[in-house]
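So you can see what is in the structure, the chains are spelled out below.
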Amino acid sequence: MPRLRGRIVVPGDRLPPEVKGPEEYLVRIGDAVTPAVVGLLESGSKPSFVPLTSIYIPSPGDVVIGLIESQGVMNWFVDINSPYQAVLNVQDFLKRQYNPAIDDLSRFLQIGDYIIAKVQSFDRTRNPVLTVSEEGLGRIVEGKVVEISPAKVPRVIGRKGSMVNSLKELTGCDFLVAVNGRIHVRCPNEDLEAISILAIKMIEREAHTTGLTNRVKRFVEEEKKLRGV
Amino acid sequence: MTVKHAGLRLIDEKGLRHDGRRPDELRPVAMRVGVLSNADGSALFEIGKTKVLAAVYGPREPPQRHTMLPDRAVLRVRYHMAPFSTMDRKSPAPSRREIELSKVIREALEPVVIAELYPRTAIDVFVEVLQADGGTRTAGVTAASLALADAGIPMKGLVAGVAVGKVDGVIVLDVDELEDSAGEADLPIAAAPDIGLITLFQLNGVLSRQELEEAVEMGLSAIRRLVDMEKETLRSSVTVMPGE
Amino acid sequence: MSTTPYKLPIVPMIKKQSYLSLYRKGARIDGRDLETPRNVRIETGVIEKAEGSAIARLGNTQVIAGVKIDVGSPFRDTPDQGVLTVHAEFVPLASPLFEPGPPDENAVELARVVDRSLREVGAVDLSSLAIRPGEKVWMLWVDLYILDHDGNLFDASMLAAMAALLDARLPEYEELESGEIMVDKSRKGEPLKIDHRVVTVTIAKVDEYLIVDPTLDEETIADAKIVVAVDEEKRIVGAQKTGGSGMTREEILKAVDIAGKASEVYFKALNEAISKG
């Protein structure tokens, strides 16, 4: 029987003063500590607070999956599932000088395209700037992108990658789990793709329960049997 | 326009109110979160016949960039009554009352929202009164508090509100429309009990210093109960177990 | 939609520190203690064409109130009562913060707080304003005009409104055979029947200090304000917390007590102006 991985705590609840967790979601007033969002208080030798919801704030070095939203003269504006819209400069994409008179931006990236990019800079005074000029970055040309709450990303990855690795093994798919809550899924066939997406949604939904890795395994195996793959 | 119901008795000989409640009794309360799919957070709050829906969008880039603040998110709040929410149809155009209440509700939420985490963004709170039977502004605060928490907006604590009133010389909790229009005073109050702050406070009517203190006490004790209910609502909204 | 204020006067940090260090000693930059309003000057009858008028000066803040009176139809639910309407205009000449345009939420809030403070206690006897009950009643328009904004528009506006109402005279009129009411505004008749005199006392919370009648600088550094309406018997006839911070229960109750005492200064100025008027 799955149980809660801890106690659900909500804003205003008192947490033990020695609690560890993301500081932006812990409010300290004097000696009192309260969670700023709904989350789990995992007790053990060291109590820790795990938010069940979070808002993605870019940080330089983050690998994110972005969606091209609009196009400027010299850049694209990219939705990165954050309050802040990101910018991708054309020069960065082309890796050469760009001439608006000759080059047509929509030949390279179109509105609605997904890209894998790295956050180059962000300090909350200006919009985040992305780069794609590194190995493995650029336009996504195959597979699917699944969106989950950024708070559940650690659970999809699992301890030392255990969850995502077991998914890989079971399905033969490839997963890129970006910190902004978007997951790029590439699978050998459509059935495995569908199973992978359902499994990811299951992890998101049940992130706060125990025994999840085993349940996900069972789910994938049963689905594979049902679909005959 | 206030209608004074001359000769109407609002407290009977047993000390009970026109709907049978004791002076310090709330009407039946219902809370739900996540009731809308598009909004980042949403809540429905009902107290008696009063029904209020709140939705939160954001933090997001505000459409008017000049409204951005460099060091925090701006909170934008709209309190609005549906045309069918009242006995006589309410014009959907924003009234002066709605303009004022949007402001006092915003100011009731600002003390708990940790806006400093999201500079240059806007957090939008839309409060729609679906049915009005007294206490709609404070119900709006309660619904908004739930919707903000549901949206994952970081908060120092939850807020709830209630309207205290004076009818037939008695201080009563959670006045409905009849008591509000016929009573001697109406004191809408909202607070964040976990951080010890009253965040909305209005008095329409006449009270002595003694009565004012009594009304504040009565309101705050009900608000503590409402905030506890908000917490339970949020807890049960995330503790959906497999198979449920 | 109500938005977090994004256009505010800047008060240098160092100034806030100096205000706070003075508050700690119970004093303020203009020589007042924390619980005393600024110098109040009220003058009535300043606009001859209005049926009643007054200018209230609270330190450098100046508000003019005009009362216009016309004949109109009563509301259906109060057929035997006159109609009182309060309106406020933050005219751009009063402050660099004011923009031309329809009243914003601050102007609406101000007008509604003044309106409620008058209405809830029955300051003006509205039933004395019926000419032919159910058909013709007097309509009172109280228009508040902010001329110079140096903080605490609530108290200055309330004083101006109250003084203008006390100054107002109903125009003479004749009832024609057709039933029509012919108003002759050149002839001033009876004063309005004012049953209660009301003032508001605004108290700002700056850190842990509660200060009466804040200047604009003080409002800018304040966390929140509470406006308390008080009548001459010191009953509380209205209240409103305003501003984006909360206040504790103790602060609110203390502010109510302070308001009672500070109201004496306002009533003294109001009553003197009226007896002189």
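Since this is a predicted model, take the numbers as computed values, not measurements.

1. Here we look at the overall build of chain C
Scanning chain C for helices and strands turns up five helices and 13 strands. Compactness check: chain C gives a C-alpha radius of gyration of 20 Å against a globular reference of 19 Å for 277 residues, within 12% of the reference. Projected onto its principal axes, the C-alpha positions of chain C cover 70 × 40 × 35 Å. Expressed as a percentage of its 277 residues, the buried residues of chain C come to 55%. Total accessible area computed for chain C in this model is approximately 11800 Å², and 51% of it derives from carbon and sulfur atoms.

2. What about the overall build of chain A?
Along the backbone of chain A there are five helices and 14 strands. Considering only C-alpha atoms, chain A reaches an extent of 60 × 55 × 25 Å along its principal axes. Residue pairs in contact within chain A that sit at least 24 positions apart in sequence constitute 60% of those at least 6 positions apart. Working note: accessible area of chain A is about 11200 Å², and carbon and sulfur atoms make up 49% of it. Mean positive and mean negative side-chain charge positions of chain A (30 and 28 charges, respectively) differ by 6 Å.

3. Things to note about helix α1 (residues 13-24) of chain C
Every α-helix winds through 3.6 residues per turn, so residues three or four apart in the chain are directed the same way. Residue and element names in this part refer to chain C. With twelve residues, α1 should reach 16 Å at 1.5 Å per residue; the first-to-last C-alpha distance of 17 Å fits that figure. Every buried residue belonging to α1 is among K16, Y19, L20 and Y23, and all of these are buried. Taken around the axis of α1, the buried residues stretch over an arc of 95 degrees, which confines them to a single face. Within α1, the exposed residues directed more than 90 degrees away from the buried face are I14 and R24.

4. Quick word on the pairing of strand β6 (residues 160-167) of chain B
All names here are of chain B. Counting buried positions along β6 gives eight out of eight residues, so the element sits mostly inside the fold. Residues A160, V162, V164 and K166 point to one face of β6 and G161, A163, G165 and V167 to the other, with burial holding for every one of them. Judged from the seven bridges that link them, β6 and strand β8 (residues 185-192) form a sheet pairing that is antiparallel. If you follow A163 over to β8, its bridge partner there is P188. For β6 and strand β7 (residues 170-173), the ladder comprises four bridges, and the chain directions are antiparallel. Across the sheet, the residue bridging to V167 is V170, located in β7.

5. As for the pattern of salt bridges
Scanning the entire structure with this criterion turns up 67 salt bridges over all chains. Close ionic contact of A:R182 with A:E147 constitutes a salt bridge, the shortest N to O distance being 2.9 Å. Here A:R182 is found in strand β14 (residues 182-186), whereas its partner A:E147 is found in strand β12 (residues 144-147), with 35 residues between them in sequence. Within the structure, one salt-bridge network assembled from shared partners comprises B:R17, B:D19, B:R21, B:R27, B:D133, B:D174 and B:E179.

6. Describing the state of the cysteines
All names here are of chain A. In the structure shown here, the tally under the stated rule is one disulfide over all chains. Residue C173 pairs covalently with C187 via a disulfide, S to S 2.2 Å. A torsion of 110 degrees about the S-S bond marks the disulfide between C173 and C187 as right-handed. Pair noted here: C173 is in the loop between α3 (162-171) and β13 (174-177) and C187 is in the loop between β14 and α4 (190-205), with a separation of 14 residues, a long-range link. With relative accessibility at 22%, the residue C187 sits in the partly exposed group.

7. Quick notes on the interface of chain C and chain B
Taken residue by residue, the interface counts 43 residues in chain C and 43 residues in chain B. For the chain C and chain B pair, buried surface summed over both sides reaches about 3900 Å², with 58% attributable to carbon and sulfur atoms. If you sort the residues of chain C by the area they bury against chain B, C:M1, C:T4 and C:Y6 come out on top, with a joint share of 17%. Across the chain C-chain B interface, the total number found is seven salt bridges. Counting every contact that joins chain C to chain B gives 24 residue pairs in polar contact (both at pLDDT 80 or more). Every element with two or more residues in the side of chain C that touches chain B is listed here: β1 (2-3), β5 (83-90), α2 (105-119), β13 (236-242) and α5 (249-276) of chain C. For the side of chain C that touches chain B, the element with the highest residue contribution is α2(C), accounting for eight residues. For the side of chain C that touches chain B, the residue count by class is 16 nonpolar, 15 polar and twelve charged.

8. With respect to the domain arrangement of chain A
All names here are of chain A. Parsing chain A into structural domains produces domain 1 (7-51), domain 2 (63-139) and domain 3 (144-227). Centre-to-centre, using C-alpha coordinates, domain 2 lies 28 Å away from domain 3. Between domain 2 and domain 3, the residue contacts involve ten residues of the former and twelve residues of the latter. Roughly 820 Å² is buried in total at the junction of domain 2 and domain 3, and carbon and sulfur atoms are behind 57% of that figure. With a shortest N-O distance of 2.9 Å, D79 and R182 are connected by a salt bridge. For the pair domain 2 and domain 3, the interface holds five residue pairs in polar contact (both at pLDDT 80 or more).

9. What about the packing of helix α1 (residues 96-109) of chain B against α2(C)?
With their axes 9 Å apart at the nearest point, α1(B) and α2(C) run at an angle of 105 degrees to one another. Compared by their axis directions, α1(B) and α2(C) come out roughly perpendicular. For the pair α1(B) and α2(C), contact is made by B:R96, B:R97, B:I99, B:E100, B:K103, B:V104 and B:R106 and by C:E105, C:N106, C:V108, C:E109, C:A111, C:R112 and C:R116, respectively. Its residues assigned to classes, the contact of α1(B) with α2(C) shows four nonpolar, one polar and nine charged.

10. Overview of the sheet that holds strand β5 (residues 48-51) of chain A
Residue and element names in this part refer to chain A. Strand order in the open sheet formed by three strands is β1-β4-β5, and the pairing between neighbours is antiparallel. This sheet does not close on itself; its edge strands, each paired only once, are β1 (7-9) and β5. Strand-to-strand, the axes of this sheet are offset by a mean angle of 35 degrees, without reference to chain direction. Relative to strand β4 (residues 39-42), β1 runs antiparallel, the two being bridged by three bridges. Note that in β4 the partner of V9 across the bridge is G39.

Here is what the cut-offs are and how they apply
Here, residues in each chain are numbered from 1, in the same order as that chain's written sequence. Both sets of labels track the order of writing: A upward for chains, 1 upward for ligands. Totals for whole chains, interfaces and linings use all residues, but because this is a predicted model, local features are given only for residues with pLDDT of at least 70 and pairs of side-chain atoms are given and counted only at 80 or more. Note that the side-chain values use all heavy atoms of the structure and ignore hydrogens as well as water. Secondary structure elements are taken from DSSP: a helix is a run of H or I of four residues or more, a strand is a run of E of two residues or more, and numbering for both begins at the N terminus. We compute the radius of gyration over the C-alpha atoms and compare it with the globule rule, which gives 2.2 Å times the number of residues raised to the power 0.38. Think of it in three bands: residues with accessible area under 20% of the maximum for their type are buried, residues over 50% are exposed, and the middle band is partly exposed, with areas taken using a 1.4 Å probe on protein chains only. Residue exposure ignores everything except the shown protein chains as possible cover, and the areas themselves are Shrake-Rupley values with a 1.4 Å probe. Note on definitions: a residue-residue contact is assigned when non-hydrogen atoms from the two residues lie within 4.5 Å. In this tally, Lys and Arg are treated as positive and Asp and Glu as negative; His is ignored, and so are the chain termini. To locate a charge, the coordinates of NZ of Lys, CZ of Arg, CG of Asp or CD of Glu are taken. To estimate the expected span of a helix, subtract one from its residue number and multiply by 1.5 Å. Picture the helix axis, draw a direction to every C-beta atom, and the arc is the one those directions span. The rule for pairing is simple: two strands pair if DSSP sees at least two bridges between them. Salt bridges, as used here, are contacts in which a Lys or Arg side-chain nitrogen is within 4 Å of a carboxyl oxygen on Asp or Glu. Any pair of cysteine sulfurs within 2.5 Å is marked as a disulfide. In short, buried area is how much 1.4 Å probe accessible area vanishes from two parts on joining, totalled over both. Nitrogen and oxygen atoms within 3.5 Å of one another constitute a polar contact, given that in protein one can donate a hydrogen and the other can accept it, and given that sequence-neighbouring residues count only through two side-chain atoms. Each residue is assigned to one class: nonpolar for Ala, Val, Leu, Ile, Met, Phe, Trp, Tyr, Cys and Pro, charged for Asp, Glu, Lys and Arg, and polar for all the others, Gly among them. These domain boundaries are the output of an automatic or database domain assignment. Every angle, taken between N-to-C directions, lies between 0 and 180 degrees, and every axis is a line fitted to C-alpha atoms, over only the stretch in contact when it is a helix. When describing relative orientation, an angle under 35 degrees is termed roughly parallel and one over 145 degrees roughly antiparallel, while 65 to 115 degrees is termed roughly perpendicular and anything else oblique.

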